[in-house]
Amino acid sequence: QPRMSAGYAERLSAYSNKGECGLPEQHDTSRQLAYKLKRLCAWVKEARSIVVLTGAGISTSAGIPDFRGPKGVWTLEAEEKKRKGAQARRDGKRRKTSLTSSPKSASSTPEPSRAKALGVKAEAHAAVDTTAAVAAAGSASEFETAVPTPTHMALVGLADPDNGGRLTYVVTQNVDGLHTRSGLPRHKLAALHGDVFTEKCDACGAEVVRNYDVGGVGLQPTGNLCAVPGCGGPLHDLVLDWDDALPVADLEASERHIEDADLVLCLGTSLRIEPVGLLPLRAKRFVIVNLQVTPIDNAAALVIRTSVDDVLIAVMDSLGLPIPPPPPSRPRP
């Protein structure tokens, strides 16, 4: 049964190969950034078809943590494991020392010099346990209260036919539902890793978007039934676990749109999870906007190291287009 209150990260099965985490963030100088934005804006103006691939980095300004940044979910998880391992080694060393010490010395409080000899560090006693932070990452309340960012809303503006409809498709690895909540049409969106707010009917394939986290992971039954007249089939969650296959229809559509696009923008993604991380290599031209290095930086036409929001604000400004405001949130029933 799905754990309804568990954070998204905590719901996932144990998995060791989460890619390189905690790499330092880099920032372009003002001069570099001005040059790169000028090139990007020119390419956007020329493009008749743009596809955007998004990752967790576009939602951090909405208060949702990323995964591999300096304070990312997997980064904190790795640090916590390392800290606990070091603590266990220190405890083991203390136990070994106490067994070889006299009763008096074993029961006495270590002096600073003795503590140093035992490898006891003062900061170990004040270490912050990050388990709670990891468990809460992607919690129901966190997702439900998040508001689409300037990047999310700029993409809606770029997809609007009244603005020329340059943005033809968005491929996202995010499960936070912010693209859907922003008003981006479903036929222009592939949520390849799922969406915590969406259920799908086993019988007729209808999708139901809730205004609350439906819970669960691994395409499991949610306990709800399809409301399509004459159906009534069971609904399941759409959030993938590590070993679940990507939705075939959405993956194939993503590949097709990327291959056909004049320009592909990779926004806020470390591109370290395959096969999604390799999709940009199918593009005629792709640009990466990310604060950390990615495995395919060298293949990109341009790599920009700055805030994704700042880049999209600059793009919309160059086109003379306003960024739409986020739609009002729906109250939870």
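You'll find the structure just up there.
Residues numbered from 1 in each chain as written. Predicted model: local features only at pLDDT ≥ 70, side-chain atom pairs only at ≥ 80, totals over all residues. Heavy atoms only, no water.

Participant: Would you mind going over the side chain of S254 with me for this structure?
Facilitator: Relative to the assigned elements, S254 resides in helix α11 (residues 248-260). You can call S254 buried: its relative accessible area is 0%. Once you skip the residues sitting within four places of it in the chain, S254 turns out to touch Y169, V171, A190, L192 and L279. (Helix = DSSP H or I, 4+ residues; strand = E, 2+ residues; numbered from the N terminus. Buried < 20%, exposed > 50% of the residue type's maximum accessible area, 1.4 Å probe, protein only. Contact = heavy atoms within 4.5 Å.)

Participant: Where do I start with the packing of aromatic side chains in this structure?
Facilitator: Enumeration according to the criterion identifies zero aromatic pairs in this entry. The lysine or arginine in question, R285, covers the ring of W43, its NZ or CZ lying 4.2 Å from the ring centre. (Phe/Tyr/Trp six-rings, centres within 6.5 Å; stacked < 30°, edge-to-face > 60°. Lys NZ or Arg CZ within 6 Å of the ring centre and 35° of its normal.)

Participant: I'm lost on the pattern of salt bridges in this one. Help?
Facilitator: Taken as a whole, this structure holds nine salt bridges when the rule is applied. Measuring nitrogen to oxygen at the nearest pair gives 2.6 Å for the salt bridge that ties D297 to R305. Given a relative accessible area of 8%, R305 falls into the buried group. Look at the salt bridges and you will find they share partners, linking R186, E207 and D250 into a network. (Salt bridge = Lys/Arg side-chain N within 4 Å of Asp/Glu carboxyl O.)

Participant: I tried to follow the layout of surface pockets on my own but got confused; where do I start?
Facilitator: Gaps left between atoms are located by rolling a probe of water-molecule size over the structure's atoms. Volume-wise, the second largest pocket comes out at about 360 Å³. Along the walls of the second largest pocket sit 20 residues, with R186, A191, E207, L238 and D250 positioned nearest its centre. Of all the secondary-structure elements, those providing two or more residues to the lining of the second largest pocket are β3 (189-191), β4 (198-201) and β5 (207-209). (1 Å grid on protein atoms, 1.4 Å probe; cavity = no way out; pocket = protein on both sides within 12 Å on 5 of 7 lines; lining within 4 Å. Points joined across faces, edges and corners; volume = space filled by probe spheres on them.)

Participant: What's the story with the sheet that holds strand β1 (residues 50-54) in this structure? I'm lost.
Facilitator: Strand pairing in a sheet is mediated by backbone hydrogen bonds. Such pairs are either parallel or antiparallel. Pairing within the open sheet is parallel, and its six strands lie in the order β3-β2-β1-β8-β9-β10. The open sheet has two edge strands with one neighbour each: β3 and β10 (302-304). Pairs of neighbouring strands in the sheet enclose a mean axial angle of 15°, with direction left out of account. Pairing analysis gives five bridges linking β1 to strand β2 (residues 167-172), with the strands arranged parallel. Residue pairing in the sheet places V51 in a bridge with Y169 of β2. Contacts from helix α9 (residues 150-159) reach β1, β2 and β8 (263-267) within the one sheet, and its direction differs from that of β2 by about 145°. (Pairing = 2+ DSSP bridges. Axes fitted to C-alpha atoms, helices over the stretch in contact; angles between N-to-C directions.)

Participant: Even after reading the chapter, I still don't get empty space enclosed by the protein, so can you show me in this structure?
Facilitator: In this structure the tally under the stated criterion is one cavity of 30 Å³ or more. As a volume, the largest cavity reaches approximately 60 Å³. Looking at the largest cavity, the residues that line it are T172, N174, V175, D176, G177, L178, H179, T180, L189, A191, G194 and D195. Elements with a minimum of two residues in the lining of the largest cavity: α10 (178-182) and β3. Sorting elements by how many residues they give to the lining of the largest cavity places α10 first, with three residues. The residue makeup of the lining of the largest cavity, split by class, is four nonpolar, six polar and two charged. (Nonpolar A, V, L, I, M, F, W, Y, C, P; charged D, E, K, R; others polar.)

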